[in-house]
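Listed below are the residues making up each chain.
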Amino acid sequence: MKKEKHAFLPMLTRMPVPFLLLLLLLPGHLIFAQGSLKGYVKDKDGKPVAGATITVKGKRINAVSGEDGAFSINARTGETLLVSSVGFDAYELKLGSITNGLNIQLTTNVNILSDVVVVGYGTQKKKDLTGSISSININDTKKYSASDLSQLLQGRAPGVAVNSDGQPGAIPNVRIRGFSTFGGAEPFYVVDGVPGTTIRDFSPNDIETMTVLKDASAAAIYGAAAANGVIIITTKLGKKNTALKVNYNGYYGYDKVWQRQKVTDRVQYQTLNNESRVNAGKPLFPANDPANPGYVKINTDWQKEGLKTGNRQNHNIGLSGGGANNTYNLSLDYFDNKGTYVGNGPDYKRYIARINTTAEKGILKVGEFFNYTHSHENSLTFRDDILLGGIPPLIGTLVVAIPTMPVYDPANLNGFGGSSSEFNGANSLNGIGINSILRNYTDVDRTFANVYAELRLLNNNGHNVRFKTSLSYDKTTARDFIWQPAFYLGKFFSSDIARLNDNSRVYTKASIENTLNYDKTFAGKHAVEVLVGQSYRYGDALLRESRAEGFTTPYYPVISNGQTRSAKGSEFVNSLSSYFGRVNYSFNDRYLLSASLRRDGSSRFSPSNKFGYFPAASIGWKLSNESFWKVPASIVSSLKLRGSYGKLGNQEIADYQFQGIINSGVPYTFNGVNYLGGIQTQVASPNIQWETKAITNAGFDAVLLSGHFDLSAEYYMAKSTNLLVQFPIPASTGFENLAPVANLGAVNNSGVEISAGYHKTKGPFTFDVSANLSTVKNKVIALGGSNNPVYGAGSRTVINREIGEHYGFVYEGLFQTQAEITAHAKQFGATLAPGDVKYKDISGPNGKPDGVVDEAYDRVPLGSGIPAFNYGFSFTAAYKRFDASVFASGSGKFLINSRMYRDLHHSAGALNYSTDMLNRWTPTHTNTDIPRLNDDDVNNFKDSNRPGWLQNGTYLRINTVSLGYAFRENIIKGLNSARIYATVQNLYSFQHYQQYNPDFTSGVFNPGFDFGSYPKPRTIMVGVQVSF
Amino acid sequence: MKKILYLFIVCCLLSTSCDKKLNLTNPNALTTAEYWKTKEQAYAACTSIYNALGVDGSYMRSFPGLTDSRGDDFTADSPWLDLVLTGQFIVPTTSDPVFWIWREFYLVVNRANQVIANVGKYDPAVLSSDEKNRILGQAYFLRGLAYYNLATTFKIVPVITEPISNPDDYFAATATEEVIWNQVYADLQKAATNLPISYDNVTGLDKGQKGRATKGAATGLLAKSYLYRKDYTKAGTELEKFLTGELKNIYSLMPDYRDNFKDKNENNAESLFEVQFTEGTGTDINWACDPSGSWKQVQAISVTYGMEGVAFSDYLPTRWIYNEYKKEKTVDGKSDPRLLVTIASYEPADNSTQAYGRAWFNPQTSIYPRKYTNDGVGNGKAFEGAAESGINYRVLRYSDILLMYAEVLNETGKTAQAYPYIQQVRTRANLPDLAVVKPAMTQAQMRDQLAHERALEFAIEGQRINDIIRWGWLYDATKLAELKTHDADFNTWTPGNEYLPVPQRELDLNKNLKPNPAN
């Protein structure tokens, strides 16, 4: 038997899931015997354990414990009993003399199935869940250092895709189950029961649980807000009857950008640029012309000069405890991340103070939390309004900066070097200079508080009625300070006028929620839970801008010191009024049913469209609790099938859009006097309403091998309709907003999500391996109006295809001879020569190739910009006092269009080149796919599948590798526990992508376009955790 | 159990009261339904149409640049490829500045349509009929001007004359040239009827305001439109209004040609219509997007045209136009005074050794535009880095009326009668009497003479390419060859590409839209 079992295990892992299921259902080899030995299975607290499997070792004799934990089995002295049950460690007992009334006590194992999961407006046992819910292993995620909580979710739960970049304070994109809306796709966050908060200002140290609700059945209780998924977070509470416990967690680490773009040095650069000029029949630029007295010999390595070692630290002190009737938890947190770009940013610093308390007397329980956060963020100083010419983000600026520009030039105002298009051929921006001259920061202060009271109105005879009222208030003020002194970084990037923007934003959110819960188990078999509730939320955003120009030196940058000043302000108010209800019913711990309904009313829609209804239902079947289920717990401890269907809404759009409004600030001067005109400048969207997402979900949760192995898999299909499409309208309409919103879009997403884990919990060496994988298939069903395609950067979205596919011309190699050019179709009226890119003439006005390659007829879809699958892998292990963990995640099967790559591979212009360009086509070097240089090129840079223009995005990133050591208790007197650890974050990324992050943040309609994401640094940290 | 029921009822009551809090008024702006009620609103709506003339794609920067650069008097010299390719007639259909021009003139159209539809319904008790006529007249004029510019730039475009409210109206179809030009005529005729000659003595909020459209502006532009379409008779009828009709003695040539391109003496006697730019208002530059009260009212032509070292120098005058000025000396043997107003050139003989108020700092052989630059203003601005200037853009000048009339006379067989009108313009430039220098020209000779006169008088004023188009020079082998010698940019011209292409974005979005010959 033992041998057999071992052979069985590896086989299990290789088998396809349906086959495995089938196998497990086969009852063939199981024989049932009438029992002679009677006993009880109990847990540590002496409560009966129902459904435990009792086997006689080496024999095919089985029994299952009843509701009272009792069992009877045919066993003899000398035989060994094996007892297993979901959520408990397997138990072995060698029988001495047979004694009836044997008490077997099981110990709880770490299996998460026994965990209580936080769900919408309540908690549920994981084993009773019928919806699609992922709970995040929060202790594991805390090993990743990030300024934003949502970043911790990357790779942790199937179906949750997190894209982020490496700038301190950068806000990641979180998408649950694909691209199902064209607007804001951020999930809905519920923190300690308060719906609709932002989680930017929380510390991971304070988090107790994090749960992701993915399907309609789990999320419909949040109705109109839930279409993008819901993430529920609870924070740490103190424990009752505990003396003050002090915890300190802290780490310090260094950040370093490990990726480098290979760019040409001075000599290579000048050679290439001169060649492009000669090929265009133009004179050399003075800076690059050896015959010119201005010939430049400066050789700046911009990446070396501009990237520095950053650092990060986090210190958290927790004070917690409680008396008989109360608990408290106080936490102070400091996070500081200094970025890797030379100059005034990016940096991010945050202070948090948080208090959670609870108190109870009799039927009343009250609690509150109070959270105060201050953060200071220096962003990279990128500003469209003064940096003319559509330049890339500053990281891109650094990479493409010309080597012949000096970093410093004392002759210039502010002392930084510059360039000019006449002298250098390029207006190359000195990224170090601009990032040092400009000051750009945001200070955020947030106060977030909640008070709740819960009354246990009825608690007898199994009837349990609770009423809870919860009030919350959340106020965030942000100050955006943007200072631009007079500066000179070359003529193109200069200003002799100093400017200051000192803006403020105040966001107020308030909510009141009342819920009534009832639960009872009837006749021991029918468990019923009922929830009804009501909620009102109010939000206000007050935006104020003040701007001043013309400051005299020495500068005192406050608004009043500017010579011309102006102010702007606007306010946006919204409200949401809702009712909701849910019934959970379970019969005999086998059949589970859940149904919910929510009605939302939103101020964002016209009176006739204000209200929306969001129903959902789900069923579950605990197959393994059926009497016919004979598979021993040592193989399948538990198996549950589940399915759900329901509707969710999304109303994340701007306020007041259903009304046409008058812009009363349209100025014009007569006789030099400024008059303000007023007219409708923006087209309205009178009929807008909710987006609706209907999700069908089916899956199973299995616990195998006595609880050591758990496996969940599910399939979902989500149909999003009435999507608010910012659908572009012709400019001939004469409005300023050329993409008004309307409920015209529809998108389907479907996918499979699998998560599995193996837990070894016994012995000195323990480990836990978990992995998850999710696929997503996306199909656009409608785009509104006549379904005109939506064009993004190098992308197109059309119906019946995936959102934001890469779109462009088809590469056919390089022209090698003039004859080839003559024989080929014309390309955009460009004057071509051998060495230029040849594109395919695909079609024309008559549906046939027309001898002209042009935008209108010759662009085709070139591949997907959305990963076909995302996955995460985590391994944690402990040996005696040592612990280690590795976490990796990745995505596969998608193509990236990189602005940085293209900027470095230009045929025209004079910014710096990739060293790949040394391999360009020349009459003597024709065996290459890099076109010739030509300063007049209007051909080669087009969106196309030219090699490198679209890159394979598949990657695997080693996110964290961590090693820790826990000292023995009281190693120093009074010290309860102490652990030290070292972590490497973003150790390495296996990727084809030549630029920085394959998981960059992007726009909806060009998911595969990397505008220039900031590289994620490699971080090496050491940390301490102590408690006394 | 009863207690719970009560509690539940209280909850429900609470929540119904919450539903009432869902009707929130927008605290930021009036809704369209609440607008169009007061006199002030009618005026404000009219003002907002003008605003669209002063943004990037219209007269603030791109329209003059992309129009001038296609002429043989001007060529792009810029790292901004769109500008270069436009001059070479090969600008891609995806070009941003081309799109901006399209977008901005439709802003004018939309705002004018709103005014025409809504002010027309005003109660005379709120808005007197005189005021209503003036407001409608301005709206018609501005819409006519927008369609004139769209038609000369893109050849065929949709004609929209009603406010757009229904999403079905977003996708307007391309109209025929006939329809477009008839719309231009109709709008300008209504404008000419409704508008006053001057606002000096009107009764209303617009009293005394300069810069608003007048009867003269509408009549002049109507004449220019007929001329463009070679309807010489109708053009003549309109032009005669300035010489013998109700507009007689309203306009005259400024004694100093330079007064037409400075931020002083704006809206002067020679000016029929100009786009108003003013420095010193607002803090946000008026490039584009939804306007706001903090917008400046400046133009950026000065900084794109301004010379190397102080501005972007995106364009240069051609050698041909420079030499054209040198062809004829003034009566006192000097250079044509218009040369150094139009072109910044180092000319010690003409006492020109400075630029931007200091010693000439570029190669002495180089020439740069001066018209519409701050150098031309002579206001001592040493640097144009701020990308801002308050010089009004002159859309139509009286000298054009005179030369257009001369052209009408020549084209209608009255060549001899054309001399005095041309001479008025020449006299201001101190040039000798044409009747003496070149007497008894044939019609064909006179055509060439007029082309020469217009080139000198209107160089770098967004006129030349439209003259070249309407004279059919591009399709005349001799003339085309000449153009190629004037400006090498014409070497890459191919038939149809004298227009700017209909923006690709529009074609992609609007299936009712037709490409034009430049697409």
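Data block above holds the structure.
The numbering scheme is per chain: residues are counted from 1 as the chain's sequence reads. Note on labels: chains are lettered from A, ligands numbered from 1, in written order. Two thresholds apply to this predicted model, a pLDDT of at least 70 for residue-level local features and 80 or more for giving and counting side-chain atom pairs, whereas whole-chain, interface and lining totals are computed over all residues. Based on all heavy atoms of the structure, the side-chain values leave hydrogens and waters out of the count.

A. Here's a closer look at the overall build of chain B. Within chain B, the regular secondary structure consists of 21 helices and eight strands. Seen through its C-alpha atoms, chain B measures out along the principal axes to roughly 110 × 50 × 45 Å. Only protein chains enter the accessibility calculation, which uses a 1.4 Å probe; a residue is then buried when its area is under 20% of its type maximum, exposed when over 50%, and partly exposed in between. Of all 519 residues assigned to chain B, the portion counted as buried reaches 63%. Using a 1.4 Å probe, accessible areas were evaluated by the Shrake-Rupley method; residue-level cover was limited to the displayed protein chains. Summing over all exposed atoms, chain B offers an accessible surface of approximately 18,200 Å²; the carbon and sulfur share of this is 54%. A gap of 4 Å separates the mean positions of the 55 positive and 62 negative side-chain charges of chain B. The helix and strand labels rest on DSSP assignments: H or I over at least four residues marks a helix, E over at least two residues marks a strand, and numbering proceeds from the N terminus. This count recognises Lys and Arg as positive and Asp and Glu as negative, with His and chain-terminal groups excluded. Lysine's charge is taken at NZ, arginine's at CZ, aspartate's at CG and glutamate's at CD.

B. Geometry of the sheet that holds strand 14 (residues 188–191) of chain A. Residues and elements named next belong to chain A. Strand order in this open sheet of five strands is 11-16-17-14-15, and the pairing throughout is mixed. In this open sheet, the two edge strands, each paired with only one partner strand, are strand 11 (133–135) and strand 15 (194–195). A pair of strands is considered paired only if DSSP assigns at least 2 bridges between the two. Direction of pairing for strand 11 relative to strand 16 (residues 207–213): antiparallel, over a ladder of three bridges. By the bridge assignment for strand 16, Ser135 is matched with Thr211.

C. View of the packing of aromatic side chains. Any Phe, Tyr or Trp ring, taking Trp's six-membered ring, that has another such ring centre within 6.5 Å forms a pair; planes under 30 degrees apart are called stacked, those over 60 apart edge-to-face, and the others tilted. All told, the structure shown has 71 aromatic pairs over all chains when counted by the stated rule. Note on A:Trp483 and A:Tyr555: the rings are 4.9 Å apart at their centroids and 75 degrees apart in plane angle, and the pair reads as edge-to-face. Taken as a pair, A:Trp483 in strand 24 (residues 463–484) and A:Tyr555 in the loop between strand 28 (526–549) and strand 29 (564–587) lie far apart in primary sequence, 72 residues in all. A relative accessible area of 25% places A:Tyr555 in the partly exposed class. One aromatic cluster in this structure is built from B:Tyr59, B:Phe63, B:Phe105, B:Tyr257, B:Phe261, B:Tyr372 and B:Tyr393. Geometrically, a lysine NZ or arginine CZ counts as sitting over a ring once it is within 6 Å of the ring centre and also within 35 degrees of the ring normal. Above the ring of A:Trp949, the side-chain terminus of A:Arg946 is found at 3.8 Å from the ring centroid.

D. Looking closely at a nonpolar patch on the surface. All names here are of chain A. Patches here: salt-bridge-free residues with over 30% relative accessible area, like charges joined within 9 Å, nonpolar side chains (Val, Leu, Ile, Met, Phe, Trp, Tyr) joined within 5 Å. By definition, a salt bridge exists where a carboxyl oxygen of Asp or Glu is found within 4 Å of a side-chain nitrogen of Lys or Arg. On the surface, a cluster of nonpolar side chains totalling about 360 Å² of accessible area is made up of Tyr591, Trp621, Phe628 and Leu641. Within the secondary structure layout, Trp621 lies in strand 31 (residues 611–622). We classify Trp621 as partly exposed; its relative accessible area is 31%.

E. Here's a closer look at the sheet that holds strand 40 (residues 790–792) of chain A. Residue and element names in this part refer to chain A. In space, the four strands of this open sheet follow the order 40-41-42-47, with antiparallel pairing throughout. Either end of the sheet is taken by a strand with one partner, and the two such strands are strand 40 and strand 47 (860–863). Neighbour to neighbour, the strand axes of the sheet diverge by 45 degrees on average, direction disregarded. Relative to strand 42 (residues 805–808), strand 41 (residues 795–797) runs antiparallel, the two sharing two bridges. Residue Arg796 lies in a different strand from strand 42, and its bridge partner there is Glu805. Simply put, an axis is a line fit to the C-alpha atoms, just over the touching stretch for a helix, and the angle between two N-to-C directions goes from 0 to 180 degrees.

F. Spotlight on the nonpolar core. Note on terminology: a nonpolar core comprises buried Ala, Val, Leu, Ile, Met, Phe, Trp, Tyr and Cys residues joined through side-chain atoms within 4.5 Å. Core analysis: the biggest nonpolar cluster contains 255 residues, and A:Tyr222, B:Leu53, B:Tyr59, B:Phe141 and B:Phe273 have the highest contact counts within it. Here this core gets 14 residues from one element, more than from any other, and that element is helix 6 (residues 96–119) of chain B. Apart from residues no more than four positions distant in its own chain, B:Leu53 is found in contact with B:Ser58, B:Tyr59, B:Met60, B:Phe105, B:Val108, B:Leu142, B:Leu145, B:Phe273, B:Val275 and B:Phe277. A:Ile136, A:Leu149, A:Val194 and A:Ile199 belong to the second largest nonpolar core, which has 24 residues in total. In what follows, a contact means two residues having at least one pair of non-hydrogen atoms within 4.5 Å.

G. Expanded view of the environment of B:Arg103. Position of B:Arg103 among the secondary structure elements: in helix 6. The class for B:Arg103 is buried, based on a relative accessible area of 15%. Filtering out sequence-adjacent residues up to four positions away, B:Arg103 remains in contact with A:Ala731, A:Leu738 and B:Ala288.

H. Representation of the interface of chain B and chain A. In this assembly, 86 residues from chain B lie in contact with 85 residues from chain A. Values labelled buried area give the accessible surface lost by two parts on being combined, using a 1.4 Å probe and summing over both. Between chain B and chain A, a total of about 7,600 Å² is buried, with carbon and sulfur atoms accounting for 61% of that surface. Area buried by chain B at its contact with chain A is led by B:Leu22, B:Tyr170 and B:Thr283, which between them contribute 9% of it. Taken together, the links from chain B to chain A amount to six salt bridges. Within 3.5 Å is the distance limit for a polar contact, defined as a pair of N or O atoms, with the added protein rule that one can donate a hydrogen and the other accept it, and that residues adjacent in sequence qualify only through two side-chain atoms. Applying the counting rule to chain B against chain A returns 34 residue pairs in polar contact (both at pLDDT 80 or more). Mapped by element, the contributors of at least two residues to the side of chain B that touches chain A are helix 1 (2–19), helix 2 (39–51), helix 5 (81–87), helix 6, strand 2 (271–275) and helix 21 (504–509) of chain B. Ranked by residue count, the leading element in the side of chain B that touches chain A is helix 1 of chain B, at 10 residues. Here the term charged refers only to Asp, Glu, Lys and Arg, the term nonpolar to Ala, Val, Leu, Ile, Met, Phe, Trp, Tyr, Cys and Pro, and the term polar to all other amino acids, Gly among them. Taken together, the residues of the side of chain B that touches chain A break down into 40 nonpolar, 30 polar and 16 charged.

I. Examining the pattern of salt bridges more closely. Residue and element names in this part refer to chain A. In the structure shown here, the tally under the stated rule is 83 salt bridges over all chains. Across the pair Lys214 and Glu753 runs a salt bridge, and its minimum N-O distance is 3.0 Å. Placement of Lys214 in the loop between strand 16 and helix 4 (216–219) and of Glu753 in strand 37 (residues 741–760) is noted, with a sequence separation of 539 residues between them. Among the residues examined, Glu753 registers a relative accessible area of 2% and is labelled buried.

J. Examining the packing of helix 12 (residues 319–326) of chain B against helix 18 (residues 443–458) of chain B more closely. All names here are of chain B. In contact at an axis separation of 10 Å, helix 12 and helix 18 are set at 105 degrees when each is read in the N-to-C sense. Looking at the two axes, helix 12 sits roughly perpendicular to helix 18. Where helix 12 abuts helix 18, its residues Trp320, Ile321, Glu324 and Tyr325 lie against His452, Ala455 and Leu456. For the contact of helix 12 with helix 18, the residue count by class is five nonpolar, one polar and one charged. Any angle between 65 and 115 degrees counts as roughly perpendicular, while under 35 counts as roughly parallel, over 145 as roughly antiparallel, and the rest as oblique.

The values reported here are purely geometric and, on their own, carry no functional implication.
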